[in-house]
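In case you want the letters, here they are:
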Amino acid sequence: MFNKKDEKSFLVSFDTAVLQPIVINNKVFTKAISYSGESKIIGKKPYDIVRYSCSYYGSTFQQSTKLSKEAIGNYLKLPILIAHDFGSPCILIPILSPKSDLNTWFSLGAIESFYPSEGGCTIVLANGQMIQVPSSPNTISRQVGFANLLNMHFLKRMSHLVNKGFITSRNPLFQKDLFG
């Protein structure tokens, strides 16, 4: 299924599987693919969509990159945490330099497998779609490994908050004893 849209305010969500650049008349657009396989064309570059999404969810691209560097180390092309929902992180993996117009972004959960192919690597999505990228299987393996490290780091932080009492049930944090 393919819908052509020019959505100025498209956001990365937990349903976004891939942000893939496409060039039409020497202009870069983004093909956004959902987990269900539905796709649409967005009138922005993938990097601009990622930046806008970070901002919408209360962060910046620079802050997301800094969090990744603190968790993983100072490497190039680090995956970033866009948002989280009740302990489930939304992590995006860049294949090329994040600021490159031709960079494809994959959601960590969208990648089922990958294998070498002519000109790079083929990534198989959880929905069965296959996407060709100009990167080696070693690069993809490294990127998925870094994304899993970021995921574990985030889950440990959330577990620490829950176990130390910083995140409680839906009860108010402070209750005044009116009868005592």
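Residues numbered from 1 in each chain as written. Predicted model: local features only at pLDDT ≥ 70, side-chain atom pairs only at ≥ 80, totals over all residues. Heavy atoms only, no water.

1. Quick look at the pairing of strand β4 (residues 39–42)
Pairing analysis gives four bridges linking strand β3 (residues 27–34) to β4, with the strands arranged antiparallel. Opposite I33, over in β4, you have S39 as the bridge partner. Hairpin connection between β3 and β4: a loop of four residues separates the two successive antiparallel strands, and G37 in this loop has a positive phi of roughly 100°. (Pairing = 2+ DSSP bridges. Helix = DSSP H or I, 4+ residues; strand = E, 2+ residues; numbered from the N terminus.)

2. Thoughts on a nonpolar patch on the surface
A surface patch of nonpolar side chains, amounting to about 310 Å² of accessible area, comprises Y52, Y56 and Y57. Along the chain, the position of Y57 falls in the loop between α1 (46–56) and α2 (61–72). Judged by relative accessible area, which is 35%, Y57 ranks as partly exposed. (Patch = residues over 30% accessible without salt bridge, like charges linked within 9 Å, V, L, I, M, F, W, Y side chains within 5 Å. Areas by Shrake-Rupley, 256 points an atom, 1.4 Å probe, with all protein chains shown as cover. Salt bridge = Lys/Arg side-chain N within 4 Å of Asp/Glu carboxyl O. Buried < 20%, exposed > 50% of the residue type's maximum accessible area, 1.4 Å probe, protein only.)

3. Let's talk about the pattern of salt bridges
Per the stated rule, a full pass over the model turns up two salt bridges. One salt bridge in this structure joins K45 and D101, with 3.4 Å as the shortest N-O distance. Highlighted residues: K45 in the loop between β4 and α1 and D101 in the loop between β6 (88–94) and β7 (105–107), separated in sequence by 56 residues. For K45, a relative accessible area of 31% corresponds to the partly exposed category. For D101, a relative accessible area of 33% puts it in the partly exposed group.

4. With respect to the confidence of the model for the protein
Per-residue pLDDT for the protein has a mean of 85; in total, 82% of the residues score no lower than 70. In the predicted structure, residues 168–178 sits below a pLDDT of 50 and forms one contact with residues beyond four places in sequence or in another chain. (pLDDT = per-residue confidence, 0-100. Contact = heavy atoms within 4.5 Å.)

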